[in-house]
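Here are the chains, one letter per residue:
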Amino acid sequence: TSRDRGVCLVAVAWVGFLMLANGLLHLVATLVHWRYAPGVITGTLLYLPFSVLFMKAVVMESAISWRTVLVTAIAGGVPMYIHGYLIVFGGSRLF
């Protein structure tokens, strides 16, 4: 049903915010600054694979397209991407 699809997309947005963006940003921070960023191991070995597996399960179980799932995950991660950009490239924080 459409309600189930909505729940799946909200879950994808949450995973995109909490895990996918976090894992990507720790990896980017390590590469940009060429030094270990705390959280890069967890982000790379747990958060990124879990995010991909979760999105794959949503695509397979809910008949939502990969494109929709990816756009939703990226859109859900926007606040984290902004925060991470300020930290990695601006040397500042939001708070």
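Our subject is the structure listed above.
Here is a short report on the structure shown in this document.

About the thresholds
Residues numbered from 1 in each chain as written. Predicted model: local features only at pLDDT ≥ 70, side-chain atom pairs only at ≥ 80, totals over all residues. Heavy atoms only, no water. Buried < 20%, exposed > 50% of the residue type's maximum accessible area, 1.4 Å probe, protein only. Helix = DSSP H or I, 4+ residues; strand = E, 2+ residues; numbered from the N terminus. Arc of directions from axis to C-beta. Axes fitted to C-alpha atoms, helices over the stretch in contact; angles between N-to-C directions. Parallel < 35°, antiparallel > 145°, perpendicular 65-115°, else oblique. Contact = heavy atoms within 4.5 Å. Nonpolar A, V, L, I, M, F, W, Y, C, P; charged D, E, K, R; others polar.

What about helix α3 (residues 66–76)?
Then comes step 1: Those residues of α3 that sit buried are Val-69, Thr-72, Ala-73 and Gly-76. End-on view of α3: buried residues confined to an arc of 100°, all on one side of the axis. Exposed and oriented more than 90 degrees from the buried face of α3 are Arg-67 and Val-71.

Some points on the packing of α3 against helix α4 (residues 78–88)
Then comes step 1: Orientation of α3 relative to α4, taken along the N-to-C sense of each, is 50°, at an axis distance of 4 Å. Judged on the interaxial angle alone, α4 and α3 are oblique. For the pair α3 and α4, contact is made by Ile-74, Ala-75 and Gly-76 and by Val-78, Pro-79 and Tyr-81, respectively.
Then comes step 2: The residue inventory of the contact of α3 with α4, partitioned by class, reads 5 nonpolar, 1 polar and no charged.

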